[in-house]
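Residue strings, one per chain:
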Amino acid sequence: MLVHDERHSKGAIAPPIYQTSLFSFDSYQSMVDRFRGDTDQSVYSRVGNPTVSVLLDKIRRLEQGEAAAAFSSGMAAISNAILSLVKSGDRIVCVKDVYPDAYRLLRGLCARFGIIAEFVDGSDLAAIEATLPGATLLYLESPNSWLMQEQDLVAIAKLARANGVTTIVDNSWASPIFQKPLQSGIDLVVHSASKYISGHSDTVAGLLVGSRSLIETMNAEVTPYLGAKLSAQEAALLLRGLRTLPLRMQRHQESGLMIAERLSQHARVKRVFHPGLARKDYSLLRGYGGLFSIELAGGVDIPAFCDALSVFRLGVSWGGYESLVMPAEVSINQAGEHNSAVDFGVSPRMIRLFVGLENPEDLWTDLSQALAGA
Ligand SMILES: *Cc1c(COP(=O)(O)O)cnc(C)c1O
């Protein structure tokens, strides 16, 4: 689907950046009309900004949803969405091995307000079905973190609707280019736009797309008061990222699959977790990103392997130009009360790889020399 630019004022080809906190009114009457809700003039950038609005319209059309909201981070999109849907005493069902901070939000902060989160194996449809009666919200991430497990979103959305349970999917891994969960009956899609949508590892931002009624409720009851708005500058960076998103995703897919396939043949690699190497018949993915995991064979010294890499860099996050590695053991040893890597038994022999946009043969040379030497 094509999402082309509308025309901007004075013929600007790039959307103008409205770097302003407030928007003044021409007359007393125009201010009255706006506050009554009769016009949609911008008032204050915590609540709305024209540069952000251009972005919202694009992401809404890309995900084929009715409305969208933008936030200062992916976690702000996730927490605003969750808090707009639940109240004290409610139960949330969440698939295992979601993004670790989403897990901590559900296990820690939500529990403080009497909202109980229950974690279920996302590949077990019967287990999901059994937890749904009486739940308020089902939180999904497909593919999920570390194991890259896909959930049967079509079947799950149907079960959730039958039980009156609202569904959220974290779609950061696939981006709207390779997966559009709203088409399958999912209610809300969240993105860490810090990843592929920004695409250059220079912004932290979040986006959310869904029905007009869900987004309007959130905008009326939650978002203005939590105040985690996206700035106009960062909206402009995301708009720039969107222009090349399909091209970048194509390259991440090609390089990622090539490297995943070679690693799956490598004697020092025990297992590769890549959705393209274990295709599910229910998969909604139209393509694959560059993020996947490997489990190293017993003899490989993991710190030595990581330190021997020179193109791949050690770091959290992903989605930009640079290729990255994240060792599971570091996550497992992370301090803090709630740790999904520990709770769900992620193997300390796993490494998460992000295959960036560099020359794929350079990336392969880097990985093979590090595997040979470690
Ligand atoms: C990074 C990430 C998030 C959190 O997004 P931030 O922009 O860092 O707040 C959520 N989900 C997934 C899958 C992520 O990778």
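One can find the structure itself at the top, above this paragraph.
A brief report on the enclosed structure follows. (Residues numbered from 1 in each chain as written. Predicted model: local features only at pLDDT ≥ 70, side-chain atom pairs only at ≥ 80, totals over all residues. Heavy atoms only, no water.)

### Overview of the nonpolar core
Put simply, the rule reads: Definition used in this section: a nonpolar core is a set of buried Ala, Val, Leu, Ile, Met, Phe, Trp, Tyr and Cys residues joined via side-chain atoms within 4.5 Å. Under the scheme applied here, a residue whose accessible area is under 20% of the maximum for its type counts as buried, over 50% as exposed, and between as partly exposed, the area being computed with a 1.4 Å probe on protein chains only. A run of H or I in DSSP counts as a helix once it spans at least four residues, and a run of E counts as a strand once it spans at least two, with each numbered from the N terminus. Residues count as neighbours in contact if any of their non-hydrogen atoms are within 4.5 Å of one another.
Formed by 47 residues in total, the largest nonpolar core has its most connected members in Ile82, Leu138, Tyr139, Ile168 and Leu208. With six residues, helix H3 (residues 74–85) is the single largest residue contributor to this core. Discounting residues that sit within four places of it in the chain, Tyr139 has contacts with Ile78, Ile82, Val93, Cys94, Val95, Val98, Ala102, Ile168, Asp170 and Val190. Of all hydrophobic cores here, the second largest spans 43 residues; its members include Val52, Ala68, Met326 and Met350.

### Notes on the sheet that holds strand E5 (residues 166–170)
Worth spelling out the cut-off: DSSP bridges decide pairing: two strands pair if at least two such bridges lie between them. Axes here mean lines fitted to C-alpha atoms, for a helix over just the part in contact, with angles spanning 0 to 180 degrees between N-to-C directions.
An order of E1-E7-E6-E5-E4-E2-E3 is seen for the seven strands of this open sheet, with the pairing classed as mixed. Each having just a single partner strand, strand E1 (67–71) and strand E3 (116–120) make up the two edges of the open sheet. Strand-to-strand twist across the sheet, computed as the mean angle between neighbouring axes with direction ignored, equals 20°. As defined by bridge partners, strand E2 (residues 91–95) adjoins E3 across five bridges and the pair is classed as parallel.

### A look at unusual backbone geometry
Of note, the amide linkage connecting Ser142 to Pro143 takes the cis form, showing an omega dihedral of -10°. Positionally, Pro143 belongs in the loop between strand E4 (137–141) and helix H6 (153–162).

### A look at the packing of helix H10 (residues 232–264) against helix H14 (residues 360–373)
How two helices pack is summed up by the angle between their axes together with the distance between the axes. Heads up, the condition is: An angle counts as roughly parallel when it lies under 35 degrees, as roughly antiparallel when it exceeds 145, as roughly perpendicular when it falls between 65 and 115, and as oblique in every other case. In a left-handed crossing the near helix is turned counterclockwise from the far helix by less than a right angle, and in a right-handed crossing that turn is clockwise. By the convention adopted, Pro, Cys, Tyr, Trp, Phe, Met, Ile, Leu, Val and Ala count as nonpolar, Lys, Arg, Asp and Glu as charged, and the other residues, Gly among them, as polar.
Interaxial distance between H10 and H14 falls to 10 Å at its minimum, and their mutual angle equals 30°. Put simply, H10 runs roughly parallel to H14. The way H10 lies across H14 gives a crossing that is right-handed. Between H10 and H14, the residues in contact are Arg251, Ser255, Met258, Ile259, Arg262 and Leu263 and Pro360, Glu361, Leu363, Trp364, Leu367 and Leu371, respectively. Split by residue class, the contact of H10 with H14 holds eight nonpolar, one polar and three charged.

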